[in-house]
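# Residue-level structural notes
The lines below spell out each chain.
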Amino acid sequence: MAYDSELAFIHGGPTKIVFGDGASRDAGPEMSILGCSRAVIVTDKGIIAAGLVDRVAESLGSKCAGIFSDVPQDTGIEVVNSGAEFARSNGADVVISIGGGSVIDTAKGICILLTEGGTLDDFEGIQMLTRPQTPHIAIPTTAGTGSEVTWVAVVMDSEKGQKRLIVEYYNAPRVAILDPRMTEKLPPLLTASTGMDAMCHAVEALYSLSKQPIADGLATHAIRLLKNYLPVCMENGSDMTARGQVQIAAAMAGWAFGNSMVSLNHALAHSLGAVCRLPHGIANGILLPHSMKFNFEESIGAYALVAEAMGVRDSQMSESEAAEAAVRQMAEFTKRLKHPQRLSEMGVTESDLEKAAELCLYDGAVTYNPRPVLDNSEALDVLRSAF
């Protein structure tokens with residue numbers, strides 16, 4: 001649809017949120033509300049070992065038709081195809097994902113194939129779907145990806161050696177159950193890195209070329225919550241109030257970037273994940289201060305909002321001074337979280353940087369960057385500054 005005003009926008013947020021300590025036991029009732037009777041749980045073996053699937057399976061009782069747990073750290077097309085065949089053979093009419101972003105994204109792909117048939121190779125593109133897909137209840141066990149409320153999935157294409165973005169409005173989860181207990185045992189590094197993934201979603205949504213005011217409000221409050229509560233989670237992982245507030249922040253940041261999109265920072269993180277399997281949240285957290293510097297001149301107003309949300313802007317500061325404070329504070333915040341600071345710390349090599357810089361130019365997220373990325377040398381400069 002065409003609009004006369006450049007300020008016009010479309011904002012969507014179709015996912016129902018169920019929040020509360022112990023809310024994961026509401027999976028059964030929520031499934032009934034959706035009118036479904038046979039659920040396949042999608043998860044990974046680590047989540048099963050941690051005992052997090054048990055409480056959900058118990059709430060489902062005989063409505064649980066099976067558990068698909070063959071999801072790796074970075075899910076792939078072949079995983080989605082296999083999961084869809086499993087769900088189809090078990091007569092599933094709803095998919096319940098229990099896990100992090102890779103698990104939730106796998107479930108999104110499975111829901112497409114249950115409704116449309118075929119394999120995921122048939123759905124390379126954006127907004128190809130014309131009808132709602134198989135219902136999906138997402139129960140995140142990390143607080144960062146925001147995948148529980150977005151219509152974006154990231155799936156590894158092994159043949160092409162890059163991550164594929166699947167952007168489908170009709171494939172957002174119908175329900176997201178946010179239960180702080182599901183993140184209680186998250187190790188400190190994973191708490192920090194997934195939290196920084198959410199921070200990147202919020203910050204990038206504020207300066208993306210497709211930014212919009214509703215998403216701005218979600219993003220700025222997500223930054224406030226992360227600034228206040230993510231360090232508490234690092235100090236005391238059993239603080240359910242802090243865990244819950246970070247979950248809410250992750251969902252708000254997910255809604256923000258789901259509408260405004262992300263940019264160079266995520267394009268580089270996706271590419272590093274494809275090239276050297278660097279975990280997505282760690283890549284994002286390391287890169288954020290460096291990509292903020294790259295986009296500084298184009299993003300001063302957005303960074304001033306970040307400074308306000310981080311509590312480092314005073315009334316005497318100009319927008320430019322506030323923006324500079326935001327970049328400094330973001331770097332300091334990652335240090336406070338004891339988050340890795342350099343790509344080299346994580347085993348990334350110079351050769352990896354060059355491959356990732358080239359690959360990121362083919363990532364859809366880079367097109368939303370406020371400063372045009374004209375060639376791979378500019379992307380490589382950002383990577384080297386973070387190396």
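Below, the structure is looked at part by part. (Residues numbered from 1 in each chain as written. Predicted model: local features only at pLDDT ≥ 70, side-chain atom pairs only at ≥ 80, totals over all residues. Heavy atoms only, no water.)

Turning next to helix H5 (residues 101-116). Each full turn of the α-helix corresponds to 3.6 residues, which orients residues three or four apart in the same direction. With 16 residues, H5 should cover 22 Å at 1.5 Å per step; its first-to-last C-alpha distance of 23 Å lies within 8% of that length. The buried fraction of H5 amounts to 14 of the 16 residues, a majority that puts the element mostly inside the structure. Looking one or two residues beyond H5, the residue adopting positive phi is Gly117, at roughly 80°. (Helix = DSSP H or I, 4+ residues; strand = E, 2+ residues; numbered from the N terminus. Expected span 1.5 Å × (residues − 1). Buried < 20%, exposed > 50% of the residue type's maximum accessible area, 1.4 Å probe, protein only.)

Across all of its chains, the model carries 5 aromatic pairs by this definition. With centroids separated by 5.9 Å and ring planes inclined at 45°, the aromatic side chains of Phe68 and Phe86 adopt a geometry described as tilted. With Phe68 in strand E3 (residues 64-68) and Phe86 in helix H4 (residues 77-89), this residue pair connects regions lying 18 residues apart in the sequence. Residue class for Phe68 comes out buried when judged on its relative accessible area of 4%. Relative to Tyr170, the ring of Tyr169 lies with its centre 6.0 Å away and its plane at 75°, an arrangement referred to as edge-to-face. Residue classification places Tyr169 among the partly exposed positions, given a relative accessible area of 38%. Exposure remark for Tyr170: the relative accessible area of 35% places this residue in the partly exposed category. Three or more aromatic residues joined by ring pairs make a cluster, and in this case those are Trp151, Tyr169 and Tyr170. (Phe/Tyr/Trp six-rings, centres within 6.5 Å; stacked < 30°, edge-to-face > 60°.)

Turning next to helix H13 (residues 350-360). Listing the buried residues of H13 in full gives Asp352, Leu353, Ala356, Ala357, Leu359 and Cys360. Along the axis of H13, the buried residues cluster in a sector spanning 165°; they form a single face. Those residues of H13 that are buried lie in contact with strand E7 (162-167), helix H9 (264-276) and helix H14 (376-385). (Arc of directions from axis to C-beta. Contact = heavy atoms within 4.5 Å.)

Glancing now at the sheet that holds strand E4 (residues 94-99). Working definition: the strands of a sheet are paired by backbone hydrogen bonds and lie parallel or antiparallel to each other. Taken in spatial order, the 6 strands of this open sheet run E1-E8-E5-E4-E2-E3, and their pairing is parallel. Lying at the two open borders of the sheet, with one neighbouring strand each, are strand E1 (16-19) and E3. Along the sheet, successive strands turn relative to each other by an average axial angle of 20°, direction set aside. Packing of helix H8 (residues 240-260) onto the sheet brings it into contact with E1, strand E5 (136-140) and strand E8 (175-178), and relative to E1 it is tilted by some 170°. (Pairing = 2+ DSSP bridges. Axes fitted to C-alpha atoms, helices over the stretch in contact; angles between N-to-C directions.)

To continue, consider the packing of H9 against H14. Taken N-terminus to C-terminus, the directions of H9 and H14 make an angle of 80°; their axes are 11 Å apart at the nearest point. Between H9 and H14, the angle falls in the class roughly perpendicular. When H9 is examined against H14, the residues Leu264, Leu268 and Leu272 are found in contact with a partner set consisting of Ala379, Val382 and Leu383. (Parallel < 35°, antiparallel > 145°, perpendicular 65-115°, else oblique.)

A few words on the environment of Gly101. Positionally, Gly101 belongs in helix H5. Residues Gly101 and Ser147, 46 residues apart in the sequence, show an inter-C-alpha distance of 5.9 Å. Not counting residues up to four positions away in its chain, the partners in contact with Gly101 are Thr145 and Ser147.

What follows covers the nonpolar core. Generally speaking, soluble globular proteins have nonpolar side chains that are buried together. Counting residues in hydrophobic clusters, the biggest one holds 77 residues, and the most contacted among them are Met199 and Leu343. In this view, Met199 contacts Ile223, Leu226, Leu288, Met310, Met330 and Phe333; residues no more than four positions away in its chain are not counted. Counting 25 residues, the second largest nonpolar core, distinct from the first, contains Val40, Val42, Ala65 and Ala92. (Core = buried A, V, L, I, M, F, W, Y, C linked by side-chain atoms within 4.5 Å.)

For Glu378, the location among the structural elements is in helix H14. Glu378 sits in the buried class, given a relative accessible area of 17%.

Moving on: unusual backbone geometry. The backbone phi angle of Met261 is positive, close to 75°, even though this residue is not glycine. Within the fold, Met261 resides in the loop between H8 and H9. Residue Met261 is classed as buried on the basis of its relative accessible area of 13%. For Arg277, which is not glycine, the phi dihedral falls at a positive 60°. You can see Arg277 is positioned in the loop between H9 and helix H10 (280-294). Accessibility expressed as a relative area gives 44% for Arg277, which makes it partly exposed.

Our next topic: the pattern of salt bridges. Per the stated rule, a full pass over the model turns up 13 salt bridges. A salt bridge links Arg88 to Glu85, with the nearest nitrogen and oxygen atoms 3.2 Å apart. Of this pair, Arg88 and Glu85 both sit in helix H4, 3 residues apart, which is roughly one turn of that helix. Notably, a salt bridge pairs Asp157 with Arg164, separated by 3.1 Å at the nearest N-O pair. Looking at Arg164, the relative accessible area reads 7%, which means it is buried. Via salt bridges that share partners, Asp21, Arg181 and Glu184 belong to a single interconnected network. (Salt bridge = Lys/Arg side-chain N within 4 Å of Asp/Glu carboxyl O.)

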